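# Fold and geometry: a report
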Amino acid sequence: MISRRTIVQTSLAGGLIAGLAGFSLVANWWPKPDRDEEATGWRRIAWPFPRDAFPAGRAWTRDGTEVYVRPKLGFCGNCDTGVVEDSEIDGKSDIDLLDDKFTPVREGKRIQITDLAGRARLYRIKKDGRERLAQGIAVSLNCDLIVAVVVGKVDDDAVARAAQRFLETNTVQVWLNAALEGK
Amino acid sequence: MTRRWLSVCLVSMGIAGSIANGASAQQQKVGAAPEASNMKLVGWSDLQARSAYQPTIHKQGSRFIAYVGHHGGTDDVPTPVNPMTGQPEPNGTSILDVTDAAHPKYLRHIPGAPGKYEDGGAQMVRVCDGAQLPKGDKNAVYMLRTYGGQAHEIWDVADPSSPKLVIRLDGLRDTHKNWWECDTGIAYLVGGAKDWRTKRMTQVYDLSDPAKPVHIRDFGLPGQEPGATGQVPTDLHGPISTGPQGNRVFFGYGTNKGGVIQIVDREKLLKGPPEPTPDNLRAPEVGRLLMSAWNGAHTVFPMLQMPIAEFANDKDGKTRDIVMIVDEAILNECNEPRQMIWFADISIETRPTMISSWTVPEASGHFCQRGGRFGAHSSNESMAPVFYKKIALIAWFNAGVRAIDVRDPYHPKEIGHFIPAITDKTDKRCVKVDGQDRCKTAIQTNNVETDERGYVYIVDRANTGMHILELGGEARQVAGLK
C-alpha cells in the first residue's frame, strides 16, 4: 500500500515538474526581444484582434504608442498604381479593428516605408473607452498590401516618424518579407 | 540502425518519392492531351494569345457571335500584335463567329484601354438587340463593355466585323461586371463614382436608348456612400437582375473575402429616392446573407422556384428559391483559404440560409502544386433552358471547367470536367520563394458561358484562348441533349 507521505511527495514533484514545463513553454512561446527591439525600446505585445480574413499580424508598444502591422496578400485594389486613395486606407488599413466607427481627421498623405509607397491618414478613434488618435498606413508591393495602425500622439510628427522608423527595422521587415511569401 | 528500421525508412522514402512524382506528373506540359470527363473539345481559337476575362454568346439572326472581354497585356507582351491589322493593339474585345462551333472564325479585335493586367483592356461584355430594347435602333445590336477601369462603352455590333462606337461613359474607377436587362434597358453598371468610399459600387442607368443614357441613381451598401465614416463594407463585384417579372436584383460583394449577398427589391431600387443616404440605400434591401470572412461573393446566380425531388411530398416548401454563390480565388498556389461554390436557400428572403457547398477535390489533380490559381471564379450566366437549373458550369482556374448537377442544390455533384491543354503561348504564374520568383505554367480557366444549343465556351486568363466544348455521357443526359 502506498503511504500518505509518498502520495504527497509524488504530488509535489508532479506539480513542480508541470509548473516548470508550463513556465518553459510560456518562456519559449513568448519571443525574446531582438536586437532592434532592445535598441529602440519597442516591446512585443500580443495581437489582440479576433480571427478575420487575414492571418494575425504583430504588435508592439513603446511609451504609450502602439503599432499593429500585418501583410494582406493579394488585397491591393490596383496592382499597378498601388494605394492612391484615402478610401483604400479607410477600407484596408485595419483601422476598423481598433474602432469600427473611426472618423478621419484630415486627408491622407503619401508615405514610404523602406521601398514601399502608399498612403497614411490620421483618424480619431475610441479605444478602451477613451478618445485616441491613430494613423492608418497602407503601402503596397505589387498586388500585396502591408498595413499598419499606429495608436498614440500621432498628430506629433516626431511620434509618427519614430513609429515609421520602427516599421523599417529588421524586426518588422524580416518577418514581413517571410509573411509575404506565405510562410 | 536495425535492418527493420532501415526498411521502414526506405519504404517511407519510396512513398514520399511517389507522392512527389505524382505531383510533378500533374504539372501541365505543352503537347500533352487535355484532361476530361463527360466533356470534349469541339473547337478552339487562340484569341490572339490575349488574356481573357468574360465571354458572352449572342444569337444575331441565324449566327452565333462570341464577344470576349480581355484583361490588359502582360509584362512580356503589353500590346500583342493583331494579325488581321499587323498592328500592336492593347487588349480589348475579341469578336468571333461561332456558328460553326468546330471552326470559330475570328472577325475583329476592338482595342481596349492601354495598361497591363487588371489596369487595361476591356474585361466585361454584355449584348442586347436594338429590336428588344424599348427605344433602341431596331437595326442595331448593342455591345456594352468596360474600357479599362475608367469607362463603360456601348458599340453597335450589328455588323460584328465592323463595330461602331455609340457612346462612352467616362470618369470612373475600377469598372467591372455589369448587368443589362435587354427587355427594359435598365443597366446596373459597376465601377467607382466620384467620392464614394469604394472603387466598385452600382450606377443604375436607363440604357433603353443606348445613345442617350439616363442616370437613375448610385447604389451601394450603407457606409460606402460619400461622406460616411467608420468601417467600409466590402466592394461590389457584380449584380444579376431577374427583371420586372422577378422584381429582384442579386448583388454579390467581395471576391475572396467578406462576401455579402444582398437581395434587393428592383422596383424600390429604381423608383426610390436616389440620394445616397444610409436610409435610402437601406430601403430597397429585402434580405442579406453574410459569408465567412474567408470567402467572397463574385457571382450570385439566381435559380428561383426550383422543384426539389426530396421535398415533393411535403405539404409546403416543395419548390425552393436558390442562389448559387461563386467565390473567386485570387492568389496563386493556394496561398489563401479555398474559394468554391455555395448554395443558399433564399425562399424566406429575410432569412437566407446556406445549404451546401462544393469544391474540386484538390488531391484529384494536386492542383495546389500545378501553378497559378486553384479555386472557383465564375459560373455561366445564361438562363437558356438547356442548362438552367439543371447544370451549372463553373470556371475553376487550373482545374479547368466543372459541370455540376444542381437539380438537387442541397447535394450538388460533379458530372463532367475539362482541363484544356496548355500551349507555347500559355503565360506563366509566379510565387515568391526565398525572395525569388518561382514560376509554373498552367491553364487558368477564368470564365465560362453557354449558348442555347448547349455549347460551353471557356476562356483562359493565361493567354491560352477560347475552347468550345460539348457535354457527353451522364452530363449530356442531365441536360436533355440528344
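See the structure shown above.
The sections below set out a description of the structure shown in this document. (Residues numbered from 1 in each chain as written. Chains lettered and ligands numbered in written order. Predicted model: local features only at pLDDT ≥ 70, side-chain atom pairs only at ≥ 80, totals over all residues. Heavy atoms only, no water.)

### Comments concerning the overall build of chain B
Under the convention used in this document: Only runs of H or I of at least four residues qualify as helices and only runs of E of at least two qualify as strands under DSSP, and these elements are numbered from the N terminus. Think of it in three bands: residues with accessible area under 20% of the maximum for their type are buried, residues over 50% are exposed, and the middle band is partly exposed, with areas taken using a 1.4 Å probe on protein chains only. Contacts are residue-level and defined by heavy atoms, with any inter-residue pair within 4.5 Å sufficient. The accessible surface values rely on the Shrake-Rupley method and a 1.4 Å probe; as for residues, cover is taken only from the protein chains in view.
Counting secondary structure elements, chain B contains 6 helices and 34 strands. Taking all 482 residues of chain B together, 59% fall into the buried category. Taking the intrachain contacts of chain B between residues at least 6 apart in sequence as the baseline, contacts between residues at least 24 apart amount to 59%. For chain B, the exposed surface amounts to about 18,600 Å²; the carbon and sulfur share of it is 53%.

### Concerning the overall build of chain A
A count of helices and strands for chain A gives 6 helices and 8 strands. Listing every helix and strand of chain A by position from the N terminus yields α-α-β-β-β-α-α-β-β-β-β-β-α-α. Across the 183 residues of chain A, 46% fall into the buried class. Excluding contacts between residues fewer than 6 apart, the proportion of contacts in chain A whose partners are at least 24 apart in sequence is 50%. Accessible area for chain A stands at about 10,200 Å²; split by element, carbon and sulfur atoms hold 54% of it.

### What about the sheet that holds strand 21 (residues 285-290) of chain B?
Residues and elements named next belong to chain B. Rules: Criterion used throughout: strands pair if DSSP finds at least two bridges between them. Here, axes are lines fitted to C-alpha atoms. For helices the fit covers the stretch in contact, and angles between N-to-C directions go from 0 to 180 degrees.
Spatially, 4 strands are ordered 18-19-20-21 in an open sheet, and the strand pairing comes out antiparallel. Only two strands of the sheet have a single neighbouring strand rather than two, namely strand 18 (236-241) and strand 21. For this sheet the average axis-to-axis angle between neighbouring strands, irrespective of direction, equals 15°. By the bridge criterion, 5 bridges tie strand 20 (residues 260-265) to strand 21 in an arrangement that is antiparallel. The residue of strand 21 that forms the bridge with Val264 is Glu285.

### Comments concerning the layout of surface pockets
Residues and elements named next belong to chain B. For clarity, the threshold we go by: Cavities and pockets were defined on a 1 Å grid built from protein atoms only: a cavity is a group of points that admits a 1.4 Å probe but offers it no way out, a pocket is an open group of points flanked by protein on both sides within 12 Å along at least five of seven lines, and a lining residue is one with an atom within 4 Å of any such point. Grid points are joined across faces, edges and corners, and a volume is the space filled by probe spheres set on the points. For this classification, the nonpolar set comprises Ala, Val, Leu, Ile, Met, Phe, Trp, Tyr, Cys and Pro, the charged set comprises Asp, Glu, Lys and Arg, and every other residue, Gly included, is treated as polar.
Here the second largest pocket defines a volume of roughly 840 Å³. In this structure, the second largest pocket is lined by 31 residues; those nearest its centre are Trp179, Cys182, Glu381, Ser382 and Met383. Those elements that place two or more of their residues in the lining of the second largest pocket are strand 3 (52-60), strand 10 (125-129), strand 14 (179-180), helix 2 (243-246), strand 22 (299-307) and strand 32 (445-450). The residue inventory of the lining of the second largest pocket, partitioned by class, reads 12 nonpolar, 10 polar and 9 charged.

### Structural notes on the state of the cysteines
Residues and elements named next belong to chain B. Convention followed: The disulfide criterion used throughout: a pair of cysteine sulfur atoms within 2.5 Å.
Counted according to the given criterion, the structure contains 4 disulfides over all chains. One disulfide bridge connects Cys128 with Cys182, the sulfur atoms lying 2.0 Å from each other. Taking the sign of the torsion about the S-S bond as the criterion, the disulfide between Cys128 and Cys182, at about -85°, is left-handed. Here Cys128, found in strand 10, pairs with Cys182, found in the loop between strand 14 and strand 15 (186-191); they are 54 residues apart in sequence, far enough to count as distant. Given a relative accessible area of 0%, Cys128 falls into the buried group. Owing to a relative accessible area of 16%, Cys182 belongs among the buried residues under this scheme.

### Notes on the sheet that holds strand 24 (residues 341-345) of chain B
The pairing of strands in a sheet happens through backbone hydrogen bonds and is either parallel or antiparallel. Residue and element names in this part refer to chain B. Strand order in the open sheet formed by 4 strands is 22-23-24-25, with antiparallel pairing between adjacent strands. If you trace the sheet from one side to the other, it starts and ends with strand 22 and strand 25 (353-358), each paired once. Averaged over all pairs of adjacent strands, the angle between their axes in this sheet comes to 25°, without regard to strand direction. By the bridge criterion, 7 bridges tie strand 22 to strand 23 (residues 319-326) in an arrangement that is antiparallel. For Met303, the partnering residue across the bridge sits in strand 23 and is Ile322.

### Digging into the interface of chain B and chain A
Spelled out, the test is: Here the quantity called buried area is the total loss of accessible area, with a 1.4 Å probe, experienced by two parts when brought into contact, counted for both. We define a salt bridge as a contact between a side-chain nitrogen of Lys or Arg and a carboxyl oxygen of Asp or Glu at a distance within 4 Å. The term polar contact refers here to a pair of N or O atoms within 3.5 Å; inside protein, the definition further demands a hydrogen-donor-capable atom paired with an acceptor-capable atom, and it admits residues adjacent in sequence only when both atoms are side-chain atoms.
Every contact between the two is made by 19 residues of chain B and, on the other side, 24 residues of chain A. Interface of chain B and chain A: buried area, both sides summed, is about 1,800 Å²; carbon and sulfur atoms make up 50% of it. It is B:Lys199, B:Gln231 and B:Lys257 that lose the most area in chain B upon contact with chain A, and together they represent 27% of the buried surface on that side. Run the count over chain B and chain A and you get 3 salt bridges. Between A:Glu88 and B:Lys199 there is a salt bridge, and its shortest N-O distance comes to 3.3 Å. Summed over the shared surface of chain B and chain A, the result is 9 residue pairs in polar contact (both at pLDDT 80 or more).

### A few points about the environment of B:Gly230
Following the sequence through the fold, B:Gly230 ends up in the loop between strand 17 (214-219) and strand 18. With relative accessibility at 1%, the residue B:Gly230 sits in the buried group. Those residues in contact with B:Gly230 that sit more than four places away from it in its chain are A:Asp100, A:Lys101, A:Phe102 and B:Arg197.

### Concerning empty space enclosed by the protein
All names here are of chain A. Evaluation of the coordinates by the stated rule reveals 3 cavities of 30 Å³ or more. When its volume is computed, the largest cavity comes out at roughly 70 Å³. Taken together, Val69, Ile113, Leu116, Ile137, Val139, Ile146, Ala148, Leu167, Val172, Gln173 and Leu176 make up the full set of residues lining the largest cavity. For the lining of the largest cavity, the element with the highest residue contribution is helix 6 (residues 170-180), accounting for 3 residues. A breakdown of the residues in the lining of the largest cavity according to their chemical character gives 10 nonpolar, 1 polar and no charged.

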